Amino acid sequence: QVQLVESGGGLVQAGGSLRLSCVASGRIFSINDMKWYRQAPGMQRELVASSTSTGITYSADSVNERFTISRDNAKNTVYLQMNSLKPEDRAVYYCNVDVCVSSWYDCPHYFWGQGTQVTVSS
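Conventions and cut-offs
Residues numbered from 1 in each chain as written. Predicted model: local features only at pLDDT ≥ 70, side-chain atom pairs only at ≥ 80, totals over all residues. Heavy atoms only, no water. Helix = DSSP H or I, 4+ residues; strand = E, 2+ residues; numbered from the N terminus. Rg over C-alpha atoms; globule rule 2.2 N^0.38 Å. Contact = heavy atoms within 4.5 Å. Areas by Shrake-Rupley, 256 points an atom, 1.4 Å probe, with all protein chains shown as cover. Pairing = 2+ DSSP bridges. Axes fitted to C-alpha atoms, helices over the stretch in contact; angles between N-to-C directions. Disulfide = S-S within 2.5 Å. Buried < 20%, exposed > 50% of the residue type's maximum accessible area, 1.4 Å probe, protein only.

**With respect to the overall build of the protein chain**
What the protein chain contains, in helices and strands, is zero helices and 11 strands. In the protein chain, the order of α-helices and β-strands from amino to carboxyl end is β-β-β-β-β-β-β-β-β-β-β. Relative to the compact-globule value of 14 Å for 122 residues, the protein chain shows a C-alpha radius of gyration of 14 Å, a close match. When contacts within the protein chain are restricted to residue pairs at least 6 apart in sequence, long-range pairs at least 24 apart make up 56% of them. When the accessible surface of the protein chain is summed, it comes to about 6700 Å², and 47% of that surface belongs to carbon and sulfur atoms.

**Focus on the sheet that holds strand β7 (residues 67–72)**
Taking strand neighbours across the sheet as the criterion, the four strands line up as β1-β3-β8-β7 in an open arrangement whose pairing is antiparallel. Two strands close off the open sheet at either side, each with one partner strand: β1 (2–7) and β7. Averaged over all adjacent pairs, the angle separating strand axes in this sheet is 15°, with direction ignored. With six bridges joining them, strand β3 (residues 18–26) and strand β8 (residues 77–82) adopt antiparallel strand pairing. Note that in β8 the partner of L20 across the bridge is L80.

**Some words on the state of the cysteines**
This model, assessed by the stated rule, comprises two disulfides. Across the disulfide, C22 is cross-linked to C95 (sulfur-sulfur distance 1.9 Å). The chirality of the disulfide connecting C22 with C95 is right-handed, given an S-S dihedral of about 50°. Of this pair, C22 sits in strand β3 while C95 sits in strand β9 (residues 91–100), and the two are 73 residues apart along the sequence. Given a relative accessible area of 0%, C95 falls into the buried group. For C100, the disulfide goes to C107, at an S-S distance of 1.7 Å. Here C100 and C107 share a disulfide; its torsion about the S-S bond, 105°, makes the bridge right-handed. The buried category is assigned to C100, whose relative accessible area is 2%. Listing the disulfide partners of the protein chain by sequence rank of the bonded cysteines yields 1-2, 3-4.

Structure below.
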């Protein structure tokens, strides 16, 4: 019922920047928390950053001075601005949202994006 489409991944040199986008669509009454996860080869999926509907944000210690999460509620979009990228940031990045589908009380329902590959070369 809800689709998340990610974009913005790719190959970048160490020290470079990328901005990931995730657009939600479908039968959405409201979007609550929006999050970015990543999964590196052989590693567990980990939370990178999150943002509440009112703009309260969290970032993992490994990225919190380099990555910034933001959102545009009017566009149902969450972004992850990634600066000073390191080879260790190589991973598939996934967005995740929780939504209310029919009313303020029909929550939470969680949905995942398809993932976008980020590769950092040195």
